[in-house]
Amino acid sequence: MKTPLTIWWKNASEFMKRTVCVAALLAIIASGAVAKLTYVQLIAGKTTAEAATASRTVSTTLSAQRGEITDSNGIVLAQSVERYTIIGDPKAASTFEPTTCTKATEDNCQSIDGKPVGTTGPAAVAKLLAPVLGMNAMELGAMLTGTSQYVVIKKDVVPTVKRSIDKLNLSGVISTELTSDRVYPNGTLMGSLLGGVDDAGTGVAGIEQMENKLLTGTNGYTKYQRGNDGQQIPGTQTESVAAVDGDNVQLTIDRDVQWYVEQALEAGKEKYKADWAVASVQEVSTGKILALADTESEEAGSSSAKLNPSHAVTETFEPGSVGKLITLSGLLQEKQQSMSNKFSVPYSIDVNGQTYHDSETHGTEKWTLAGILQHSSNVGVIMASSKYSLAQRYSYLTKFGIGQSSGIGLPGESDGLLSKDTSWDKRTQNTVLFGQGYATNVLQVSNVAATIANKGVKNQQSIIANVKDENGKEVSTQTSQSTRVIDSSVASQMMNAMESVAEGYQSVAGVSGYRVAAKTGTAEVAGSDGSLTGIVADWVGVLPADNPKYVVTVVLKNPEGTYGGLTAGPIFANIGEFLMQKYEVPTSTARTGAIPVTW
């Protein structure tokens, strides 16, 4: 029989064993904890800290601004302005509780008209934010409801609104992303020529597309740590690369000249009831384009401007009698003729079974070569070209730039059409002498006259003056290439004869106080039914003839009045008068030494 002492001892031993087991277990647990602590602090401490830091670190894009496009005087034609996208965090909004404004919390609190917000969560955020954004509070609250951490609330918010949002102290729920908006301060001025950008800010038409690579900047970024409510933790910025804005592109185009030419074209189109009108103004000595205009009024940056390139670069046409400038230049350069050579010119002529005639009936006229140009005689030009080979005819057309790119690089520009002389049929062999049988554009026609006015040297045309980075340092300059096409003595004879042409239109296309050298053109072109029922009337003129500064070319499609001298000529005169006044060009000296036009 067990005594009480025995029982007690047995229980005590059992308790001791259990205690030892528990102690041993606790010791093992403690050892594990110490080991883990040692590992975390001494071995994995750096890795753990880096992971924690990484989980709090965010990278924010610093958006680069697209470069400006300006005119020759630095006037802005296209620029990017500061805008913001407002971003919401619905998950953070679900736990949002407004802080009552007191003296202690006045720097980080929320109120509406000095009163507590009166609610929490998305509804509270919406009540604060909706009035600033001009949105419906209930709709905004719905946008901020959910488990997402990113929702775009509104785009293209102006800086003043963004600053008002900052004052709401909603940094943990609402954030802003810097963006930009492309604006064109001059509306329809140069609309299609400037083109536009897509939603990503990439140039997709016009000059915006042509110079997209230079205009596009490089985004930067900044990295920092943020707290639980999304705000940046002060002093935690770890890395930052500044954005580099796009380069600024300056054009050769003068905004004032462009505006005036557009107005003159529109008035001329209406007066002569033309389908369309295009024009260019070129500086003789440099090849710079001061204006390139059409009558299609598109808002720069609009969908229409992005879909419809300027007619001034896309429209091609037979130049008609303006093409005689190339023929006569070649004849003089090859020493086959001189401007004073005499011809008896009938109304019509037969060559190789083909009949050609002048635009107006006349008897046999005694004209010099200068007179043939003045009266724009197709027959006379054919007679003067009897020894002018097909290869020579083709050669001078190409030397003057017909059927070739202007080199300006504008999207949509057509090279025109000039087939090889070996493919010309019997009729085309002679029609090319007076501007039919090939297609050209307004830029090519302008450079033909500019080459003659520039003493026979053809300049590379340009529409870009220079490109500068955001600090004003020039990074790209347009280098002017020039090629001699005809001798200066030949060019002088051509200018003399062209001045006689212009004198014949003094009453309708003269520029008071200034001598003009010009050539008119009228050509039949395909109508809507494909037959030759359409008309293109053009005029290219040099101002002043005695000191060439500018070439102005005007082209009309289907004008009432038909002839270039009577339709395009008056528009030229209107533009010419403006140019002479704007640039304060000295008036011309009296003309002497005119080459006789009759004999």
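The following paragraphs examine the structure supplied in this document. Treat the numbers as computed from the prediction; the structure is a model and nothing was measured.

### Description of the state of the cysteines
Next, step 1: The final tally for this structure, using the stated rule, is 1 disulfide.
Next, step 2: Here Cys101 is linked by a disulfide to Cys109, with a sulfur-sulfur distance of 2.0 Å. Taking the torsion about the S-S bond as the criterion, the Cys101 to Cys109 disulfide, at about 95 degrees, is right-handed.
Next, step 3: Overall, Cys101 belongs to the partly exposed group, its relative accessible area being 35%.

### Observations concerning the packing of helix 10 (residues 255-272) against helix 21 (residues 564-582)
Next, step 1: In contact at an axis separation of 10 Å, helix 10 and helix 21 are set at 155 degrees when each is read in the N-to-C sense. Accordingly, the angle class assigned to the pair helix 10 and helix 21 is roughly antiparallel. Our pair here, helix 10 against helix 21, has a crossing hand that is right-handed. From helix 10, Asp256, Val257, Tyr260, Val261, Ala264, Leu265, Gly268 and Tyr272 reach across to helix 21, where they touch Leu566, Thr567, Pro570, Ile571, Asn574, Ile575, Phe578, Leu579 and Lys582.
Next, step 2: Here the residues of the contact of helix 10 with helix 21 sort into 12 nonpolar, 3 polar and 2 charged.

### What about the packing of aromatic side chains?
Next, step 1: Evaluated as defined, the whole model comprises 7 aromatic pairs.
Next, step 2: Between the aromatic rings of Tyr388 and Tyr396, the centroid separation amounts to 6.4 Å while the plane-to-plane angle is 35 degrees, which identifies the pairing as tilted.
Next, step 3: Residue class for Tyr388 comes out buried when judged on its relative accessible area of 3%.
Next, step 4: Under the relative-accessibility criterion, Tyr396 is labelled buried at 3%.
Next, step 5: When the ring centre of Tyr396 is taken as reference, the NZ or CZ atom of Lys399 above it lies at 4.5 Å.

### Section: the environment of Ile326
Next, step 1: Residue position: Ile326 is located in helix 13 (residues 324-333).
Next, step 2: Through-space distance from the C-alpha of Ile326 to that of Tyr396 is 6.6 Å; in sequence the pair is 70 residues apart.
Next, step 3: If we ignore the near neighbours within four places in the chain, the residues touching Ile326 are Tyr388, Tyr396, Leu397, Phe400, Ile402, Tyr438 and Val448.

### Details of the layout of surface pockets
Next, step 1: Roughly 1,100 Å³ of internal volume is contained in the second largest pocket.
Next, step 2: Lining the second largest pocket are 42 residues, and of these Ser321, Asp358, Ser359, Asn378 and Thr522 sit closest to its centre.
Next, step 3: Elements represented by at least two residues in the lining of the second largest pocket include exactly strand 15 (354-357), strand 16 (365-368), helix 14 (369-374), helix 17 (428-431), strand 21 (517-525) and helix 21.
Next, step 4: The element best represented in the lining of the second largest pocket is strand 21, accounting for 7 residues.
Next, step 5: Here the residues of the lining of the second largest pocket sort into 13 nonpolar, 21 polar and 8 charged.

### Topic: the pattern of salt bridges
Next, step 1: This model, assessed by the stated rule, comprises 9 salt bridges.
Next, step 2: A salt bridge links Lys582 to Asp254, with the nearest nitrogen and oxygen atoms 3.5 Å apart. Here Asp254 lies in the loop between strand 10 (248-251) and helix 10 and Lys582 lies in helix 21, a separation of 328 residues in the sequence.
Next, step 3: Look at Lys582 and you get partly exposed, because its relative accessible area is 29%.
Next, step 4: According to the relative accessible area criterion, Asp254 is buried, its value standing at 3%.
Next, step 5: Of the charged contacts, one joins Arg255 and Asp256 as a salt bridge, the two residues approaching to 3.8 Å between their closest N and O atoms.

About the cut-offs
Residues numbered from 1 in each chain as written. Predicted model: local features only at pLDDT ≥ 70, side-chain atom pairs only at ≥ 80, totals over all residues. Heavy atoms only, no water. Disulfide = S-S within 2.5 Å. Buried < 20%, exposed > 50% of the residue type's maximum accessible area, 1.4 Å probe, protein only. Axes fitted to C-alpha atoms, helices over the stretch in contact; angles between N-to-C directions. Helix = DSSP H or I, 4+ residues; strand = E, 2+ residues; numbered from the N terminus. Parallel < 35°, antiparallel > 145°, perpendicular 65-115°, else oblique. Left-handed = near helix turned anticlockwise from the far one by under 90°. Contact = heavy atoms within 4.5 Å. Nonpolar A, V, L, I, M, F, W, Y, C, P; charged D, E, K, R; others polar. Phe/Tyr/Trp six-rings, centres within 6.5 Å; stacked < 30°, edge-to-face > 60°. Lys NZ or Arg CZ within 6 Å of the ring centre and 35° of its normal. 1 Å grid on protein atoms, 1.4 Å probe; cavity = no way out; pocket = protein on both sides within 12 Å on 5 of 7 lines; lining within 4 Å. Points joined across faces, edges and corners; volume = space filled by probe spheres on them. Salt bridge = Lys/Arg side-chain N within 4 Å of Asp/Glu carboxyl O.

Keep in mind that these numbers describe shape and distance, not what the molecule does.
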